[in-house]
There are 2 protein chains.
Amino acid sequence: MNKSLQPVVINQNILEMEYAVRGAIPQRAAQLEKAGFKTIPCNIGNPQALGQKPLSFYRQVLSLVVNPPDNLTKKKAGLNSGGGLAEDILSTAETILKNMPSGTGAYTASSGPRFIREAIARFIDERDRPAAVDFVPADPDRIFLTNGASEGAKYILELLISDPADGIMIPIPQYPLYSATIRKCGGTQVNYYPDEDRGWKIDRDILEEAYGSATARGITVKCIVVINPGNPTGAIADENTIREVIEFADEKGLAIVADEVYQENMYGASFRSFAAVLGKRAVPLFSLHSISKGYSGECGHRGGYLEVRNAPAVRNSILTFLDVLQKLASVSLCSNTVGQILTYLMVSPPRPGDPSYENHLREKNYILDELLRKATLIKAAFKKMAGVESFGRIGAMYLFPRLDLLPRGKTDFDYCMSLLETTGLCTVNGSGFGQKEGTSHLRIAFLPPGELLEEVLPKWIEFHNRYVGQ
Amino acid sequence: MNKSLQPVVINQNILEMEYAVRGAIPQRAAQLEKAGFKTIPCNIGNPQALGQKPLSFYRQVLSLVVNPPDNLTKKKAGLNSGGGLAEDILSTAETILKNMPSGTGAYTASSGPRFIREAIARFIDERDRPAAVDFVPADPDRIFLTNGASEGAKYILELLISDPADGIMIPIPQYPLYSATIRKCGGTQVNYYPDEDRGWKIDRDILEEAYGSATARGITVKCIVVINPGNPTGAIADENTIREVIEFADEKGLAIVADEVYQENMYGASFRSFAAVLGKRAVPLFSLHSISKGYSGECGHRGGYLEVRNAPAVRNSILTFLDVLQKLASVSLCSNTVGQILTYLMVSPPRPGDPSYENHLREKNYILDELLRKATLIKAAFKKMAGVESFGRIGAMYLFPRLDLLPRGKTDFDYCMSLLETTGLCTVNGSGFGQKEGTSHLRIAFLPPGELLEEVLPKWIEFHNRYVGQ
């Protein structure tokens, strides 16, 4: 055999890494689509793929920024040839271009343009100040713009995992970015198990148990990941729960990764950030946010940020943690500028009194109301399925019902595959996120248009009850 | 001390990784800028930061695609309210939107939308068919869209490095993405030394020497990286050189990474791709291209692609190499859609007869002519600097002159830092790219506007001759 074509040994961690959100079931869906069979992609939180419209404000500004008319300023003054664009659209585009004089085509600073990091800091402060006990303002120099939130999560795990015995605590179930990245970096995944029957609640005992059994195995736990609101569970952590996690991390000397990308998907509940509850407590905190979720749904543009508080010192180095993070980010040069600009627009939306305000608010409310309505529709359908229960209130973009009556020998993977083949509904099996042994689940993103749901839910109910033999 | 604030042990590979293009000298430049001192950022190939205008065709299409007018089709028919946009702008936007029915806000397939991968395959075929002996067409299923070319290079190195003794051959000097990524992945960098005095030529002896001394040290060499045209050298590999590299890789059983992001920066020379010369030879080849360089210069949008030929089998796995690559890409969900669309536009520019053709060609030629003119200006200035010589013809976006007369005890880092402090010119020292022991260099991107160059070059000449004491 030609030497060049001999099998190659590749990185074992990557070979074994799993990422079910784009795994075997979605891959089968893609085959079905190719064969002309219509599928409904509920495997992933990708709202615009299911008909959600982008916010007009975002796209009108963006369209001007990527191809600025020669007479942007004149247009603003006259408003006669602005193609019907409101004054705040034009002035926002102007602000962006003033702060990015080379436009969108130049590399920016690796952490992103400073004016955007300043706007993010203002957004965080405005969000957190009313609820914080010991308010500490955000620092633009500790904010990094990233290609989606995923990139920020990867940076932190890559830095913290320095040895196979380094442990990262993650909730089970979790978003598989975390398990995949821990595996890729060669670290150890330390599972903790939020209590499903109490709406996926976390408490001190749960954390201690996971930590204790890991340290007993010789694992050095370095960090705890909390996803709030939860993915895939939708569970919302209240202030006391957050405080408990912070106290736990403080005592054990852990950093916290707070994945808060669903912070706008609250449906009436109120969001508390880890930063607000942290206050002056000196626990390292890495918070993530994204333009992909909330009511923006701008997944394809890959925008997000990482905010750092209380960056730890680095053992045996004159470099600070932020120096090293900066260096790591700089190898990719910078995140994409359009994602950066959409992040800016997300954190500086039109204000009351601005010409675009009413319309923006209407679009926002419509999207969030629809999401809640669709989640409620699906939850109601669960009631008609034998042995299906979904715990906790509605949050994020997902429901994660437990399937209690699967036939002997059938897994939730089998169930989801059959559900896809029978109804076209593409979901992800619970084992793709991790789950307590002996339980079965699936995750469904509550994103399809209402009419489509009303069509497919009865089919699902019928499929389900036949599948479980009821 | 609070346990949370104890110094943390972080990943040693990342701690030690170096990336000079955004290292100490550019960081000092940023400080100077903050203090009100004007600097000229020639440390990086970032054309639009130095006044290069984006191509009108790209941006006009993009502006329509991110915020499609309701009446795009009507506009096309009537052309009366299209804001003066040419028919091919409108129809290109229409084609993109037809193929991306959810617009730019949805995640795409992890490897990118199929119609873009098909357009890339056509572009590669059109480029290579005339010159190829044994022409093999490109396969859209073996093309991955990426956030810039950097991401594609990282994917391949991450997959190939599975052990600290795994070696990757890279040219010295090289673009530090490679050394940084090899270090980050914990592999071994195996240097080969193109011959500066022969215009940075590579030959079989040079490759054998590097390979032989690495294997003698117990290194398993898995891959050879070639940057063509060269970064930082600008050197252009001719067909014979490429054939020699391919034969070498074939005999030794190595994969090839062909970094061809400067393929349009030829200034009269003709480009041969590794794929064209490879023909039917079964050597694994990973080719990279990008929207950041050439005459596009769309760095900030982070677009590019990776094309795979002859993917090797994977030892001890039922997965193919492409499966694993797909899985690795899927953890980041997808590259950003605007970078994808600009990649599409780069590979499908206006054709003769299209309404935008003449203007697009004029803009392209202007950019490339200016680049050559500026490179020539700088090369002429070297002649007035004692002991400065730049070898080989002009390629890519850089000159990499050798500094033969640095005062005893001074390094090229010291020189570049003083050059920055004295003239505002921000370059990168040769040691940031690697260089033969005992030699000193710097890399300058030939991007500043002509007037600025004419102003700063005399200052540089004066600085230089004083610095070296002539």
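What counts, and where the lines are drawn
- Residues numbered from 1 in each chain as written.
- Chains lettered and ligands numbered in written order.
- Predicted model: local features only at pLDDT ≥ 70, side-chain atom pairs only at ≥ 80, totals over all residues.
- Heavy atoms only, no water.
- Axes fitted to C-alpha atoms, helices over the stretch in contact; angles between N-to-C directions.
- Helix = DSSP H or I, 4+ residues; strand = E, 2+ residues; numbered from the N terminus.
- Parallel < 35°, antiparallel > 145°, perpendicular 65-115°, else oblique.
- Contact = heavy atoms within 4.5 Å.
- Nonpolar A, V, L, I, M, F, W, Y, C, P; charged D, E, K, R; others polar.
- Salt bridge = Lys/Arg side-chain N within 4 Å of Asp/Glu carboxyl O.
- Polar contact = N/O pair within 3.5 Å; in protein donor to acceptor, adjacent residues only side chain to side chain.
- Phe/Tyr/Trp six-rings, centres within 6.5 Å; stacked < 30°, edge-to-face > 60°.
- Buried < 20%, exposed > 50% of the residue type's maximum accessible area, 1.4 Å probe, protein only.
- Core = buried A, V, L, I, M, F, W, Y, C linked by side-chain atoms within 4.5 Å.
- pLDDT = per-residue confidence, 0-100.
- Pairing = 2+ DSSP bridges.
- Right-handed = clockwise from strand over helix to strand, strands pointing away.
- Least-squares fit on C-alpha atoms with pLDDT ≥ 70 in both.
- Left-handed = near helix turned anticlockwise from the far one by under 90°.
- Domains from an automatic or database assignment.

(A) Inspection of the packing of helix α3 (residues 56-66) of chain A against helix α3 (residues 56-66) of chain B at higher detail. Closest axis-to-axis distance for the α3(A)/α3(B) pair is 8 Å, and the angle between their directions is 180°. Considered as vectors, α3(A) and α3(B) are oriented roughly antiparallel to each other. Contact with α3(A), carried on its side by R59(A), L62(A), S63(A) and V66(A), involves R59(B), L62(B), S63(B) and V66(B) of α3(B) and no other residues of that element. Within the contact of α3(A) with α3(B), the residues separate by chemical class into four nonpolar, two polar and two charged.

(B) Local environment of the interface of chain B and chain A. Of the residues lining the interface, 85 residues belong to chain B; the matching set on chain A comes to 85 residues. Here chain B and chain A share two salt bridges between them. In this structure, K184(B) and E158(A) form a salt bridge, with 3.1 Å as the shortest nitrogen-oxygen distance. Linking chain B with chain A are 43 residue pairs in polar contact (both at pLDDT 80 or more), by the criterion used here. When contributions to the side of chain B that touches chain A are tallied by element, the ones reaching two or more residues are α1 (12-16), α3, α7 (148-160), α8 (176-184), α10 (239-252), α12 (321-330) and α13 (337-347) of chain B. Looking at the side of chain B that touches chain A, its residues break down into 38 nonpolar, 31 polar and 16 charged.

(C) Region of interest: the packing of aromatic side chains. All names here are of chain A. In this structure the tally under the stated criterion is 24 aromatic pairs over all chains. Ring centres 5.4 Å apart and planes at 35° place the aromatic pair F286 and F321 in the tilted group. Of this pair, F286 sits in strand β7 (residues 285-290) while F321 sits in helix α12 (residues 321-330), and the two are 35 residues apart along the sequence. On the basis of relative accessible area, F286 is assigned to the buried category, the value being 1%. Judged by relative accessible area, F321 falls into the buried class, the value being 1%.

(D) Broad picture of the nonpolar core. In this structure, Y178(A), Y415(A), W460(A), Y178(B), Y415(B) and W460(B) are the most contacted members of the largest nonpolar core, which totals 264 residues. The residues contacting Y178(A), other than those within four sequence positions of it, are A153(A), L157(A), I170(A), V225(A), I227(A), V257(A), D259(A) and L288(A).

(E) Expanded view of the confidence of the model for chain A. Summing up the model confidence of chain A, the mean pLDDT is 94 and the portion of residues at 70 or higher is 97%. Quick note on the complex model: pTM equals 0.96, ipTM equals 0.95.

(F) Seen up close, the pairing of strand β5 (residues 220-227) of chain B. All names here are of chain B. Judged by how many residues are buried, β5 sits mostly within the fold: seven of eight residues are covered. Direction of pairing for strand β3 (residues 166-171) relative to β5: parallel, over a ladder of four bridges. Its bridge partner lying in β5, M169 is registered against I224. As paired strands, β5 and strand β6 (residues 255-259) are joined by five bridges and run parallel to one another. Each bridged residue has a counterpart across the sheet, and for I227 the counterpart in β6 is D259. For the segment spanning β5, α10 and β6, crossover handedness is right-handed.

(G) View of the relation of the copies chain B and chain A. Of the transformation placing chain B onto chain A, the axial shift is 0.0 Å and the rotation is 180°, giving an RMSD of 0.0 Å. Between the two chains, the operation in question is that of a two-fold axis. In terms of C-alpha distance to the rotation axis, chain B has S63(B) as its closest residue, with the C-alpha 2.3 Å off the axis. With an isologous cut-off of 70% or more, the 100% of interface residues of chain B that recur at the interface of chain A puts this contact in the isologous class.

(H) Structural context of the sheet that holds strand β14 (residues 442-445) of chain B. Residue and element names in this part refer to chain B. Read from one edge to the other, the open sheet built from three strands follows the order β10-β14-β13, with strand pairing classed as antiparallel. The open sheet has two edge strands, β10 (398-399) and β13 (428-429), and neither has a second partner. In the sheet, β13 pairs with β14 via two bridges, with the strands oriented antiparallel. Residue N429 lies in a different strand from β14, and its bridge partner there is L442.

(I) Fine view of the packing of helix α9 (residues 204-216) of chain B against α10(B). All names here are of chain B. In the contact formed by α9 and α10, the axes pass within 10 Å of each other and the chain directions differ by 30°. Considering how the two elements wind past one another, α9 and α10 form a crossing that is right-handed. Within the contact between the two elements, α9 uses R204, L207, E208 and Y211 and α10 uses E244, V245, E247, F248, E251 and K252. For the contact of α9 with α10, the residue count by class is four nonpolar, no polar and six charged.

(J) How the structure looks around the pattern of salt bridges. A full pass over the atoms with the stated rule returns 58 salt bridges over all chains. Across the pair R114(B) and E118(B) runs a salt bridge, and its minimum N-O distance is 2.9 Å. Taken together, the positions of R114(B) and E118(B), both in helix α6 (residues 114-128) and four residues apart, correspond to about one turn of that helix. Classification of E118(B) as partly exposed rests on a relative accessible area of 31%. Beyond isolated ion pairs, a larger network of salt bridges with shared partners links R114(A), R117(A), E118(A) and D141(A).

(K) How the structure looks around the environment of G234(A). Residue and element names in this part refer to chain A. With respect to the secondary-structure elements, G234 resides in the loop between β5 (220-227) and α10 (239-252). Residue class for G234 comes out buried when judged on its relative accessible area of 0%. Residues G234 and Y262, 28 residues apart in the sequence, show an inter-C-alpha distance of 8.9 Å. What G234 contacts, discounting residues up to four positions off in sequence, is P229, R393, I394, G395, A396 and Y398.

(L) Broad picture of the domain arrangement of chain A. When its domains are assigned, chain A resolves into domain 1 (3-51 + 360-467), domain 2 (57-105) and domain 3 (114-347). Just the C-alpha atoms count here: the centres of domain 1 of chain A and domain 2 of chain A sit 40 Å apart.

(M) Structural view of the sheet that holds strand β13 (residues 428-429) of chain A. All names here are of chain A. The three strands are arranged β10-β14-β13 in an open sheet whose pairing can be described as antiparallel. Edge positions in the open sheet fall to β10 (398-399) and β13, since each of these has one partner strand only. Note: β10 against strand β14 (residues 442-445), two bridges, orientation antiparallel. Paired with L399 across the two strands is I444, which belongs to β14.

(N) Fine view of the side chain of N43(B). Mapped onto the elements of the fold, N43(B) is located in the loop between β1 (40-41) and α3. Each residue touching N43(B), except ones within four places of it in the same chain, is listed here: V21(B), P26(B), C426(B), T427(B), V428(B) and R443(B).

(O) Looking closely at the environment of A149(A). All names here are of chain A. Take A149: it is sitting in helix α7 (residues 148-160). For the pair A149 and L50, spaced 99 residues apart in the sequence, the C-alpha separation amounts to 21 Å. A149 has contacts with V261, L288, H289, S290, G303 and G304, leaving out every residue within four places of it along the chain.

(P) Expanded view of unusual backbone geometry. Residue and element names in this part refer to chain B. The omega torsion across I172 and P173 is 5°, close enough to zero to call that bond cis. Here P173 lies in the loop between β3 and α8. Cis rather than trans, the peptide bond between N231 and P232 has omega equal to 15°. The phi dihedral of W200 is positive, around 60°, even though this residue is not glycine. As for its placement among the helices and strands, W200 is situated in the loop between β4 (188-192) and α9. Taking relative accessible area as the criterion, W200 reaches 8% and is therefore assigned buried.

(Q) The environment of G45(A), seen in detail. Locating G45(A) in the fold gives a position in the loop between β1 (40-41) and α3. Sequence-distant contacts of G45(A), defined by excluding residues within four places in its chain, comprise K293(A), C299(A), M397(A), Y398(A), R443(A), A445(A), L447(A) and Y107(B).

(R) Quick look at α8(B). All names here are of chain B. Taking burial as the measure, the nine residues of α8 include seven buried ones, the bulk of the element. Taken residue by residue, α8 has P176, L177, Y178, S179, A180, T181 and I182 as its buried positions. Packing partners of the buried residues in α8 comprise α7, β3, β4, β5, β6 and β7 (285-290). G186 lies just past α8 and shows a positive phi near 75°.

(S) Local environment of the pairing of β6(B). Residue and element names in this part refer to chain B. Most of β6 sits out of view: five of its five residues are buried. Bridge count between β6 and β7: four bridges; the pairing is parallel. Residue pairing for β7: A258 is matched across the bridge by S287.

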